[in-house]
Protein chains: 6
Amino acid sequence: MKAKTAKETLAQTSKIVLPNDTNVLGNLMGGQLLNWMDITAGIAAQRHSRRVVVTASVNNVSFSKPVKLGDVITIEAKVSRAFTSSMEVYLDVHVDLNNGKTEKVNEAIYTFVAVDQNGSAIEVPDLIPETDVEKERFDGALRRRQLSLILAGKMKPKDATELKAIFDLEPN
Amino acid sequence: MKAKTAKETLAQTSKIVLPNDTNVLGNLMGGQLLNWMDITAGIAAQRHSRRVVVTASVNNVSFSKPVKLGDVITIEAKVSRAFTSSMEVYLDVHVDLNNGKTEKVNEAIYTFVAVDQNGSAIEVPDLIPETDVEKERFDGALRRRQLSLILAGKMKPKDATELKAIFDLEPN
Amino acid sequence: MKAKTAKETLAQTSKIVLPNDTNVLGNLMGGQLLNWMDITAGIAAQRHSRRVVVTASVNNVSFSKPVKLGDVITIEAKVSRAFTSSMEVYLDVHVDLNNGKTEKVNEAIYTFVAVDQNGSAIEVPDLIPETDVEKERFDGALRRRQLSLILAGKMKPKDATELKAIFDLEPN
Amino acid sequence: MKAKTAKETLAQTSKIVLPNDTNVLGNLMGGQLLNWMDITAGIAAQRHSRRVVVTASVNNVSFSKPVKLGDVITIEAKVSRAFTSSMEVYLDVHVDLNNGKTEKVNEAIYTFVAVDQNGSAIEVPDLIPETDVEKERFDGALRRRQLSLILAGKMKPKDATELKAIFDLEPN
Amino acid sequence: MKAKTAKETLAQTSKIVLPNDTNVLGNLMGGQLLNWMDITAGIAAQRHSRRVVVTASVNNVSFSKPVKLGDVITIEAKVSRAFTSSMEVYLDVHVDLNNGKTEKVNEAIYTFVAVDQNGSAIEVPDLIPETDVEKERFDGALRRRQLSLILAGKMKPKDATELKAIFDLEPN
Amino acid sequence: MKAKTAKETLAQTSKIVLPNDTNVLGNLMGGQLLNWMDITAGIAAQRHSRRVVVTASVNNVSFSKPVKLGDVITIEAKVSRAFTSSMEVYLDVHVDLNNGKTEKVNEAIYTFVAVDQNGSAIEVPDLIPETDVEKERFDGALRRRQLSLILAGKMKPKDATELKAIFDLEPN
């Protein structure tokens, strides 16, 4: 199974925020953005695996800046790392500004699993990070996976060598 | 500001899974469920704070069991802990079975912030857990908050006393 | 076939009124509420019969108070009486008020029929009312059924003994 | 205020039944049809009153024949009678058959109230029925109104002269 | 295969413009109207052919007047000419005015192809224009078809006799 | 007003075809694609003009290949030429294939007008084509504009010098 570069998995979607996407303050609702990100991330995972993919988990989505009615946002999703049958997908969301620039409003991490027609997990190719950002996210993916396995009770904290490093960086 | 019990914040929603909510395998898509959970969790946070609330972050959503076209699911959301202006909301999702019972298919944690009409954060009442599950989630909320502050670079690992306990449970 | 209590059939749904649900006055449109009530009532009928159910008729829905954009409404549906293969479902709709209370804004009655995979009507369990309100609705269901049969030309007015009582309460 | 003929109030809508409009048997769901009828009936009432109109009540909707995925249905709505500020709207729903004919699948009666910008009821013109069917529905509207006032406790049964006639047609 | 009159193919749809159909100026967005016209035109083509029909092309849609939030528009579609397996459908869109009249806001031409269950093109009946407008559109359909074939490189300009007439009307 | 390159106006959107987007053959309906293309083209026009834009016309959309339920399509839109206040936008639609390649399924041309807050047309920057395809589309835009002005009766055929060239390529 031939490994793919992160770039080959890129999926992009631009959206105009319509009235039904907004709350009473006229800002994009979190749930609508979560849904759009899920679909874009799923396309990235499908491009990596060429398989049907299903959402396995969502981690670390934080909504820092409000997005307004009528704003144009662009969601970019790339697979950041592949593990046997699962793929971590990293998303960046930018909003168009009036000066022709864009501003980052959101970052999120979804995990997908590739499945066959019976819904059973199936192997996926490895992911090759190329840029510095892709490499950093590739490395972080292992720590996030360990954390997620610990929280789910499937890994003992002492075995999470990558994750433990975070807590050892500074003297107690 | 009078504290509220978790029970007072309960929001419930039952849904039938329709064709547009499903992927090519005929299962409920993760993004649609994320959107429904966001709305139900927002109602719970609004009942706690009696304010407009906005989604601040989503953590630890994992999709363990597929939900099928035509299934009836029930989303229950309750505030699990309040911190100054933010509220952690815990969600449980069950599906109706043919024998009249229900089965848990999903668990998720969202964080909301109460805001005034300008979108500025505003104080919310404390949350009083009553049942054993509510108390356990109330305690866990502190660890999750520390973890989230560390990951966002806003807290030093050595100060996350609650979180560190996880790693000290077993001898190295 | 084991009879069920009204309570066992309860289905609940909370909704935030979004822009597309409202008319030019910014109030929830009747048709959208009729659709939401149909889905919630259908879940109650499905919980009673554990069968696929189809809407047979709608009676006596009146819209007394306007519901506004951004309001949170809660729809509660319970089977009020079962007749061979049909189930009368009684709905109450409340809106959240700013003081933490709720106010009733709507009441409706839908009738569903349980069907098999060919769409043929199929027998359902009896319904056991427990509270005073449930008993009152259980009794009223018979009068409503007689009225509906007369209006459809399937019953002679002289045989509608329950219904005639209404007109005999006062001397002519 | 110049009276209008029923014909002048006609509103028509043709729809193709899409996947999300159907239940697990592949038939049009009642709630979706109720919503479409509400919108079409509202256009008829708006054409009669040239005012904003709001749904006041729904009566006597019965779903006799299933409508399938992909079917084309046509909803026709005409005001059947006007009372001060309210309008009864009569709807007929037909489905296209393969032989180029259509078949009636549904009949419904909605009541709308014309309102000003504050939502207060406002007077509407009289309705002039012309065809035999329009005249029959015009006459029936009075009986339906009496029945609805009695059920709402706003009229004494002995005063419902039109309605009582139904029960006097046959000797007791 | 019996020819049909244009009138027999008429499909009509009335819509109220809702918030999600509008842009930031509060006017109906072009894409939403294109979608509604496609569905209405498809019903007209289906009524002509009594077959499944698929959109083949869209030509000459121009948006001249803005339509506002809350406006009622009526889309009328009739087949204007049939060619072997394709049908040109002509659409007129009117908006209700406050004085009880309507004003034309849009005109569009769509082409549909009738297909069998495998999606292969299949013959359709001829179209008989009756009114003056129907005859004019019937004649114009030939010129539009020639233009479309030339632009697609499937016809040589010198063979487009009907179309060339446009350029020969005036002396060079 | 500084001219922009075509590349600076690029807008991209990837979509998964869901059940409600398809007809009874399970293929993407033309109207849904027209709507998606309108939104993506509008974003390109907005990026060129940094103004609110409204759809002015749609030309030459042809649907050559069916797109199936579950397929991933990518819509790419770039401004192809600017005229005073209007912008021609050229769209290409590709579908993901199983072998990791994509196939072109659609091409369309929309025209947008930039407007101020009153909806009045407002000047836009010039467009600079760079690649061969961009230059070819830039040149073609003039012929299409002449054709459209003639068809609308706003230009005499003899003045459409660019367009006439098409008919003069071959001897009569």
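A quick note: this is a predicted structure, and the numbers were derived from the prediction, not measured.

An account of the pairing of strand β4 (residues 72–83) of chain A is requested, with residue identities and associated values reported.
All names here are of chain A. The buried fraction of β4 amounts to ten of the twelve residues, a majority that puts the element mostly inside the structure. The pairing of strand β2 (residues 11–16) with β4 spans six bridges and is antiparallel. Bridge assignment links T13 to a residue of β4, and that residue is I75. One ladder, built from ten bridges, connects β4 with strand β5 (residues 86–96); its direction is antiparallel. Looking across to β5, one finds that I73 is bridged to V95. Joining the antiparallel neighbours β4 and β5 is a turn of two residues, in which T84 adopts a positive phi near 50 degrees.

Could you give an account of the interface of chain A and chain B, naming the residues involved and the relevant values?
In this assembly, 38 residues from chain A lie in contact with 38 residues from chain B. For the pair chain A and chain B, the two sides together bury roughly 3,100 Å², of which 65% comes from carbon and sulfur. Run the count over chain A and chain B and you get zero salt bridges. Across the contact surface, chain A and chain B share seven residue pairs in polar contact (both at pLDDT 80 or more). It is strand β3 (residues 52–63) of chain A that contributes the most residues to the side of chain A that touches chain B, eleven residues altogether. Broken down by class, the residue content of the side of chain A that touches chain B amounts to 19 nonpolar, 13 polar and six charged. Pairing between β3 of chain A and strand β3 (residues 52–63) of chain B: four bridges, direction antiparallel.

With reference to specific residues and values, describe the packing of helix α1 (residues 30–49) of chain C against helix α1 (residues 30–49) of chain D.
Two numbers describe how α1 of chain C lies on α1 of chain D: the axes approach to 8 Å, and their chain directions differ by 170 degrees. On the basis of the axis angle, α1 of chain C is roughly antiparallel to α1 of chain D. Note on element contacts: α1 of chain D touches α1 of chain C through G30, G31, Q32, L34, N35 and D38 of chain D, opposite G30, G31, Q32, L34, N35 and D38 of chain C. In terms of residue class, the contact of α1 of chain C with α1 of chain D is made up of two nonpolar, eight polar and two charged.

Please provide a residue-by-residue account of the relation of the copies chain A and chain B, values included.
When chain A is fitted to chain B, the best match, at an RMSD of 0.0 Å, comes from turning it 180 degrees and sliding it 0.0 Å along the axis. The transformation relating the two chain copies, once decomposed into turn and shift, fits a two-fold axis. Taking C-alpha positions as the reference, the residue of chain A nearest the rotation axis is N59 of chain A, at 2.5 Å. In this assembly the copies share their binding face: 100% of the residues contributing to the interface of chain A also contribute to that of chain B.

A description of the relation of the copies chain F and chain B should follow, citing residues and the corresponding values.
Its rotation angle being 120 degrees, the transformation that places chain F on chain B also includes 0.0 Å of axial translation and leaves an RMSD of 0.0 Å. In symmetry terms, the pair is related by a three-fold rotation axis.

Summarise a negative patch on the surface; cite the residues concerned and give the values.
All names here are of chain A. A cluster of like negative charges, contributed by D132, E136, D139 and E162, occupies part of the molecular surface. Ranked by residue count, the leading element in the negative patch is helix α2 (residues 132–151), at three residues. Locating E136 in the fold gives a position in helix α2. A relative accessible area of 58% places E136 in the exposed class.

Please give an account of the pattern of salt bridges that cites residues and values.
Per the stated rule, a full pass over the model turns up 42 salt bridges over all chains. Here R137 of chain A and D92 of chain A are joined by a salt bridge, their closest N and O atoms 2.9 Å apart. Residue R137 of chain A is located in helix α2, and its partner D92 of chain A is located in strand β5; the two are separated by 45 residues in the primary sequence. D92 of chain A shares its class with R137 of chain A; the two are buried. Residue E103 of chain C pairs with K65 of chain C through a salt bridge whose shortest N-O separation is 4.0 Å. Of this pair, E103 of chain C sits in strand β6 (residues 102–115) while K65 of chain C sits in the loop between β3 (52–63) and β4 (72–83); the two residues are 38 residues apart in sequence, bridging distant segments of the chain.

Can you tell me about the packing of aromatic side chains, naming the residues and giving the values?
Inspection of the entire model under this criterion finds six aromatic pairs over all chains. Here the aromatic rings of Y110 of chain B and F112 of chain B are separated by 6.4 Å at their centres, their planes lie at 20 degrees, and the arrangement is stacked. This pair shows no difference in class: Y110 of chain B is buried, exactly as F112 of chain B is. Note that R145 of chain A overlies the ring of F83 of chain A, its terminal NZ or CZ placed 4.5 Å from the centroid.

Quick rundown of the arrangement of the chains? Include the residues and the values.
A minimum C-alpha distance of 18 Å separates chain A and chain D, which share no contact. There is a clear gap between chain B and chain E: no contact, and 18 Å between their nearest C-alpha atoms.

Which residues make up helix α2 (residues 132–151) of chain E, and what are the values?
Helical geometry: 3.6 residues make up each α-helical turn, so side chains three or four residues apart lie on a common side. Residues and elements named next belong to chain E. Here α2 spans 29 Å end to end across 20 residues, near enough to the 28 Å set by a 1.5 Å rise per residue. Listing the buried residues of α2 in full gives E134, R137, F138, G140, A141, Q146, L147 and I150. Positive phi appears at G153, one or two residues downstream of α2, with a value of about 75 degrees.

Quick rundown of the confidence of the model for chain A? Include the residues and the values.
Looking at chain A, the pLDDT average stands at 90 and 95% of residues meet or exceed 70. Under the prediction, the complex receives an ipTM of 0.91, its pTM being 0.92.

Which residues make up the interface of chain F and chain B, and what values do they have?
Each side of the interface is counted separately: chain F has five residues, and chain B has five residues. Summing both partners gives a buried area of about 380 Å² for chain F against chain B, and 68% of it is carried by carbon and sulfur. In this structure, the connection of chain F to chain B is made through zero salt bridges. Summed over the shared surface of chain F and chain B, the number is one residue pair in polar contact (both at pLDDT 80 or more).

Quick one: what's the story with the nonpolar core, residue by residue and with numbers?
Ranked by internal contacts, the top residues of the largest apolar core, which has 76 residues, are M37 and Y110 of chain C together with M37 and Y110 of chain D. If we ignore the near neighbours within four places in the chain, the residues touching Y110 of chain C are L34, M37, D38, A41, T55, S57, V58, M87, E88, V89 and L91 of chain C together with L34 of chain D. In this structure, V79 and A108 of chain E together with V17 and M37 of chain F belong to the second largest nonpolar core, which totals 73 residues.

Talk me through the side chain of D92 of chain C; I want residue IDs and the actual numbers.
Residue and element names in this part refer to chain C. Residue D92 is classed as buried on the basis of its relative accessible area of 12%. A polar contact is formed between the side chain of D92 and the side chain of R137, at a distance of 3.0 Å. Setting aside anything within four residues of it in sequence, one finds D92 in contact with T74, I75, E76, K104, N106, E107 and R137.

For the side chain of D96 of chain B, give the residues involved together with the corresponding values.
On the secondary structure map, D96 of chain B appears in strand β5 (residues 86–96). Within the local environment of D96 of chain B, its side chain forms a polar contact with the side chain of R47 of chain C, the two groups lying 2.8 Å apart. Leave out the neighbours within four places in its chain, and D96 of chain B touches V72, K101 and T102 of chain B together with R47 of chain C.

Help me get a handle on the pairing of strand β6 (residues 102–115) of chain F, residues and values and all.
One face of the sheet, then the other: side chains in a regular strand alternate in exactly this way. Residues and elements named next belong to chain F. Of all 14 residues that make up β6, ten are buried, and the element is covered over most of its length. Strand direction decides the pairing type here: strand β3 (residues 52–63) and β6, joined by nine bridges, are antiparallel. When the sheet's bridge partners are listed, V58 is paired in β6 with Y110. Summarising the sheet, strand β5 (residues 86–96) and β6 pair through eleven bridges and their orientation is antiparallel. The residue bridging D92 from the neighbouring strand is E107, located in β6. Turn length for the β5-β6 hairpin, with the two strands adjacent in sequence and antiparallel, is five residues, and the turn residue G100 shows positive phi of about 90 degrees.

Conventions and cut-offs
- Residues numbered from 1 in each chain as written.
- Chains lettered and ligands numbered in written order.
- Predicted model: local features only at pLDDT ≥ 70, side-chain atom pairs only at ≥ 80, totals over all residues.
- Heavy atoms only, no water.
- Buried < 20%, exposed > 50% of the residue type's maximum accessible area, 1.4 Å probe, protein only.
- Helix = DSSP H or I, 4+ residues; strand = E, 2+ residues; numbered from the N terminus.
- Pairing = 2+ DSSP bridges.
- Contact = heavy atoms within 4.5 Å.
- Buried area = accessible area lost by both parts, 1.4 Å probe.
- Salt bridge = Lys/Arg side-chain N within 4 Å of Asp/Glu carboxyl O.
- Polar contact = N/O pair within 3.5 Å; in protein donor to acceptor, adjacent residues only side chain to side chain.
- Nonpolar A, V, L, I, M, F, W, Y, C, P; charged D, E, K, R; others polar.
- Axes fitted to C-alpha atoms, helices over the stretch in contact; angles between N-to-C directions.
- Parallel < 35°, antiparallel > 145°, perpendicular 65-115°, else oblique.
- Least-squares fit on C-alpha atoms with pLDDT ≥ 70 in both.
- Patch = residues over 30% accessible without salt bridge, like charges linked within 9 Å, V, L, I, M, F, W, Y side chains within 5 Å.
- Areas by Shrake-Rupley, 256 points an atom, 1.4 Å probe, with all protein chains shown as cover.
- Lys, Arg positive; Asp, Glu negative; His and termini not counted.
- Charge placed at Lys NZ, Arg CZ, Asp CG, Glu CD.
- Phe/Tyr/Trp six-rings, centres within 6.5 Å; stacked < 30°, edge-to-face > 60°.
- Lys NZ or Arg CZ within 6 Å of the ring centre and 35° of its normal.
- Expected span 1.5 Å × (residues − 1).
- pLDDT = per-residue confidence, 0-100.
- Core = buried A, V, L, I, M, F, W, Y, C linked by side-chain atoms within 4.5 Å.

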